[in-house]
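Each chain is listed here by its residues.
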Amino acid sequence: MKGEKTKRLDPKEIMERIATASRPMVAGVEEKDVEHWVTIYIMGRGYRVPADLTILTAIEYAGYKFIRGCGCRQGFCGACSTVYRKKGEYKLQTAMACQTRVEDGMYLVQIPFTPAEKAPYDIGKEEYNVNVFFKYYPEVARCVSCNTCTKACPQDLEVMDYVQAAIKGDFEAVANESFDCIQCGLCALRCPSEIVQYNVAQLGRRMYGRYSSPEPEHLLTRIKEIKEGKFNKDMDKITSLSREELEKLYAERERETD
Amino acid sequence: MAEAKYIEGYPEYMYKLIDKVHKTRQKRKDYIPPAMSMEEREETLKLHPDYVAGGKRKISIGQNKGDFGTNPVVDLLEAYPLVEEGEVDIKKVDYSVDIMVIGGGLAGTTACIWANEQGISKDKILLVNKLRHGDANSIMAEGGTQAADREVDSIQRHYLDTMGGGHFTNKPDVLRALVEDAPFIIYWLHELGAIIDKEESGDFVEKWGGGTSIRRLHSCRDYTGLEEFRVIRDEFRSREIGCIEHYPAIELLTDGENRVTGALLYNLETGEYKIVEAKATILATGGFGRLHIRGFPTTNHYGATADGLVLAYRAGAKLRDVDTVQYHPTGAAYPVQIIGYLLTEKLRSSGAQPVNVDGEAFVFPLEPRDVEAAALIRECYVRGKGITTPVGIRGVWLDTPMIEVKNGKGYIEKAFPGMRRMFNRYDIDMTKDPVLVFPTLHYQNGGVETDPWGHSTLEGLWVAGEVSGGVHGKNRLMGNSTLDTMVFGRRAGMSAAKWVQSGKKGGKLTLEHLHRYVETLKKAGIKPQRRAPMLLPEYRGKAALARMIDIF
């Protein structure tokens, strides 16, 4: 690293350096550069893959082109739900393929789709009480508190706790406990009571977002001001300024103090 | 690797370097480098990939002939179609609708809801998705959504901040629509039941965004896009609007003149095609991160391959600003599994500082994104003050523990659950140690040109979200992309609905525009080796690809 300080790179060389360093992530690793390998079993068939990869990139390395089972690739969309068991272990585990490093001896299968009912409702017309859960998802009462959903959650959410909170009508707990849910469907597939936890949570969060706090007054005031045309004159003016005038105005802008 | 010693998720040599960050934290707490002057910005930008020679060339055919575009985009525009006129039977129509929306992220889904709200029946709207409904950049937006709703703020201030960030190249009428609708969009989200961060008083928590002059950013922890999208998709599903998945549009259909009349869809799994006839079409296909422009890794989702640009351009629509790309200053640079992933700007809004190998804060943390990104590149490659990872990637520290120094213990857990979880998976505790960052390809600044209602230069074609161009000019500000999707999704949905309701009939379905485009390609001497749209990037292992036989 010290040596590199002495050679002054021109901007084009810098771009090339960056591209070269990023190449394994962008265009895939070269076999010759891989030091450590593991063997994974994709739906039972073994493949030797670089140990640094995630389940997702390892499946690609093995030659699969994703159509299903791959979405954002960064842990937000819930498309790459995966179930696996490691050689010699009885335990069935769940993961998001894009968020989990491969390990030697993983037997894995992806579950890219969850057959589940989503109830239609108009959130503006519902009453803010526990009945809303039983009205749309009556099966929520079948929860046997086995905690299998919680164990299945790749986001480590306390799924059973929010289901229980829903049964009690505790909207705040449902919202907070389920907030990081990416709706991958693994909880619902594992549930012996056939509850679709993530849909229950979605209903609960929307109710909470809509009804738990007073109307945002300053926001309503601003919307009214816009409708009444309070800013029209200023907007007419600023949208007709020349580039030079805008630049001047921009440079003179004062930053709000913290 | 097995031999190397790891401490707290880092190789020993990297972990030792962190010591300097810890030691200088107290000093840096009260010292934030000043924001750059316009001259300093200009000087710094010389190292931004957009401004370094070799990244772009002139488009040789079509509406924007002679304009510059980045090489991978021009490659796609100067490519042959996947099917040609005569290869498919477009007379047999599979779906006949009033409004077809292509692309199911925030923009497309919002457009469907507002078209329905405007009076178009749920059965006469069709949402077409390349992947699943929601496999989009929208859900990965972390930081927030801008709206000038505080009393001390004004919409003209939002306008000016955005203009300056965009180097004064934004389209004024479209930008005006963005800032004027913003407060309404926040209220709409609230009405739908989105959980937006609030103070105990009930007012929204509003944060800084890079390049803004006032706190204006509304967030939902660090899952803003996810929360916004979940709620909007749930509303869409409650309305039971038509939706098909894994069925990308691979070409638009036109009446042979200047009007878009439908699309050719392709079932990614079975290979079967379908024909949609639509009175109005709304294009909301998102951006182009998966083109890996200039070789950068990306924050974008799997399907971000610029399909919409290709389809619209072939049909005759005009593009703008496709010569610029947004690189997010803080992509993850370590560990290797998450390189290029987004580390939200909100981390910096909350106090995290970029810090070099010597423990120095070297840049104001909230410059506009292009300036901030260029400053990080300079630190690593000109000043030689970066940190090199075991795979040869350079980056600087983002001092995340500073967030809790400024906001109190437990703040990261509460405000950044997604970030914390991601690093925890690799044994890194971002509340205790900094994380390593480097710019990553993030956003398509330009796109299909529109008017303030999202209408393109073609009859019957509206455009919304990242695929559109103009509102952000040549560099988008933080918090304006989720806003853009919902403002123009809504506007396009309403405007297309009104147009249909004015008594418009469907037009002739042809691929004549494609035929003409191919002729132009041939005349320009472009060889038929490239095909587009790309649909999906290629990440299969080289060894496996080398021995593949295509039988079925």
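These figures come from a predicted structure and were not determined experimentally. (Residues numbered from 1 in each chain as written. Chains lettered and ligands numbered in written order. Predicted model: local features only at pLDDT ≥ 70, side-chain atom pairs only at ≥ 80, totals over all residues.)

> Describe the overall build of chain A, and please don't skip the residues or the numbers.
When you go through chain A residue by residue, the secondary structure sums to twelve helices and five strands. Scaling as 2.2 N^0.38, a compact globule of 258 residues should have a C-alpha radius of gyration of about 18 Å, whereas chain A reaches 26 Å, well beyond that. Out of the 258 residues in chain A, the part that is buried amounts to 40%. Contacts in chain A between residues far apart in sequence, at least 24 positions, make up 60% of those at least 6 positions apart. (Helix = DSSP H or I, 4+ residues; strand = E, 2+ residues; numbered from the N terminus. Rg over C-alpha atoms; globule rule 2.2 N^0.38 Å. Buried ≥ 20, exposed ≤ 12 C-beta atoms within 10 Å, placed from the backbone. Contact = placed C-beta atoms within 7 Å.)

> Quick rundown of the overall build of chain B? Include the residues and the values.
From N to C terminus, chain B includes 16 helices and 24 strands. Its C-alpha atoms give chain B a radius of gyration of 23 Å, within 12% of the compact-globule value 24 Å for 552 residues. Sorting the 552 residues of chain B into buried and exposed places 62% on the buried side. Across chain B, every contact between residues at least 6 apart in sequence was considered, and the portion connecting residues at least 24 apart equals 76%.

> Could you give an account of the pairing of strand E1 (residues 37-42) of chain A, with specific residues and numbers?
Looking down a regular strand, the side chains alternate between one sheet face and the other. Residues and elements named next belong to chain A. In the sheet, E1 pairs with strand E2 (residues 45-50) via six bridges, with the strands oriented antiparallel. The partner of Trp37 across the bridge, within E2, is Pro50. Counting the residues that bridge the hairpin from E1 to E2 gives two residues, and of these Met43 lies at a positive phi of roughly 50 degrees. Summarising the sheet, E1 and strand E5 (residues 106-110) pair through three bridges and their orientation is parallel. Of the residues in E5, the one forming a bridge with Ile40 is Met106. (Pairing = 2+ DSSP bridges.)

> Give me the domain arrangement of chain B: which residues, what numbers.
Residue and element names in this part refer to chain B. One can read the domain layout of chain B as domain 1 (6-50 + 326-442) and domain 2 (90-325 + 444-501). Centre-to-centre separation of domain 1 and domain 2, based on C-alpha positions: 30 Å. Contact with domain 1, which involves 28 residues of that partner, is made by 30 residues of domain 2. Of all the elements in the fold, those that place two or more residues in the side of domain 1 that touches domain 2 are strand E16 (326-332), helix H9 (346-349), helix H10 (369-381), helix H13 (417-424) and strand E20 (435-443). By residue number, the principal contributor to the side of domain 1 that touches domain 2 is E16, which donates four residues. Here the residues of the side of domain 1 that touches domain 2 sort into twelve nonpolar, nine polar and seven charged. (Domains from an automatic or database assignment. Nonpolar A, V, L, I, M, F, W, Y, C, P; charged D, E, K, R; others polar.)

> How would you summarise the packing of helix H6 (residues 159-168) of chain A against helix H9 (residues 197-211) of chain A if you had to cite specific residues and measurements?
All names here are of chain A. Following both chains from N to C, one finds H6 and H9 inclined at 55 degrees, their axes separated by 10 Å at the closest point. Of the possible angle classes, the one that applies to H6 and H9 is oblique. For the pair H6 and H9, the sense of crossing is left-handed. Contacts between H6 and H9 pair Val159, Tyr162, Val163 and Ala166 from the former with Gln197, Val200, Ala201 and Gly204 from the latter. A breakdown of the residues in the contact of H6 with H9 according to their chemical character gives six nonpolar, two polar and no charged. (Axes fitted to C-alpha atoms, helices over the stretch in contact; angles between N-to-C directions. Parallel < 35°, antiparallel > 145°, perpendicular 65-115°, else oblique. Left-handed = near helix turned anticlockwise from the far one by under 90°.)

> Talk me through the interface of chain B and chain A; I want residue IDs and the actual numbers.
The interface of chain B with chain A comprises 93 residues on the first partner and 84 residues on the second. A per-element tally of the side of chain B that touches chain A places helix H6 (residues 172-192) of chain B first, with eleven residues. Here the side of chain B that touches chain A is composed, by residue class, of 47 nonpolar, 21 polar and 25 charged.

> Any chance you could break down the confidence of the model for chain B for me, citing the residues and the numbers?
When the pLDDT values of chain B are averaged, the result is 96; 99% of them are 70 or greater. The complex prediction reports pTM at 0.97, with the ipTM value standing at 0.96. (pLDDT = per-residue confidence, 0-100.)

> How would you explain helix H15 (residues 512-523) of chain B if you had to name every residue and give the values?
Residues and elements named next belong to chain B. With twelve residues, H15 should cover 16 Å at 1.5 Å per step; its first-to-last C-alpha distance of 17 Å lies within 8% of that length. Residues His513, Leu514, Tyr517 and Leu521 constitute the buried set of H15. Taken end-on, H15 shows its buried residues confined to a sector of 95 degrees, consistent with a single buried face. Every exposed residue of H15 that faces more than 90 degrees away from the buried side is listed here: Glu519, Lys522 and Lys523. In this structure, the buried side of H15 is in contact with strand E5 (80-81), strand E12 (249-254) and helix H8 (307-315). Positioned one or two residues after H15, Gly525 has a phi angle of 75 degrees, which is positive. (Expected span 1.5 Å × (residues − 1). Arc of directions from axis to C-beta.)

> Pulling in residues and values, what's your account of helix H7 (residues 224-238) of chain B?
Residue and element names in this part refer to chain B. Taking 1.5 Å of rise per residue, 15 residues should cover 21 Å, and H7 covers 21 Å from first to last C-alpha, within 8% of that figure. Judged by how many residues are buried, H7 sits mostly within the fold: 13 of 15 residues are covered. Just downstream of H7, Glu240 is the residue with a positive phi angle, here 55 degrees.

> Would you mind going over unusual backbone geometry in detail, with residue names and values included?
Residue and element names in this part refer to chain B. Of the consecutive residues Tyr334 and Pro335, the connecting peptide bond is found in the cis state with omega at 0 degrees. Examined against the element boundaries, Pro335 turns out to sit in the loop between E16 and H9. The backbone of Asp321 sits at a positive phi, close to 55 degrees, despite the residue not being glycine. Topologically, Asp321 is positioned in the loop between strand E15 (319-320) and E16.

> Tell me about the pairing of E20(B), residues and numbers included.
All names here are of chain B. In terms of residue burial, E20 counts as a mostly covered element, since nine of its nine residues are buried. In the sheet, E16 pairs with E20 via five bridges, with the strands oriented antiparallel. What sits directly across from His328, in E20, is Thr440. Of the strand pairs in this sheet, strand E19 (residues 394-399) and E20 are connected by three bridges, and their pairing is antiparallel. Bridged to Val396 within E20 is Val437.

> Pulling in residues and values, what's your account of the nonpolar core?
Membership of the largest hydrophobic core comes to 229 residues, with the highest contact counts inside it found for A:Val200, B:Ile99, B:Met100, B:Val101, B:Ala111 and B:Ile282. Setting aside residues no more than four positions away along its own chain, B:Ala111 makes contact with B:Val101, B:Ile282, B:Ala284, B:Ala464, B:Gly489, B:Ala492 and B:Gly493. (Core = buried A, V, L, I, M, F, W, Y, C linked by C-beta atoms within 7 Å.)

> Hey, could you go over the sheet that holds E1(A) for me, with residue numbers and the actual values?
Residue and element names in this part refer to chain A. Strand order across the open sheet formed by five strands is E2-E1-E5-E3-E4, with mixed pairing between neighbours. Both edges of this open sheet fall to E2 and strand E4 (92-96), since each of them pairs with a single strand only. Averaged over all pairs of adjacent strands, the angle between their axes in this sheet comes to 35 degrees, without regard to strand direction. Direction of pairing for strand E3 (residues 81-86) relative to E5: antiparallel, over a ladder of five bridges. Counted as the bridge partner of Tyr84 is Leu108 from E5.

> Account for the domain arrangement of chain A, naming residues and giving values.
Residues and elements named next belong to chain A. Per the domain assignment, the segments making up chain A are domain 1 (34-112), domain 2 (123-211) and domain 3 (217-251). The interface of domain 1 with domain 2 comprises eight residues on the first partner and eight residues on the second. If you tally residues by element for the side of domain 1 that touches domain 2, the top one is E4, at three residues. Residues of the side of domain 1 that touches domain 2, tallied by class, amount to five nonpolar, three polar and no charged.

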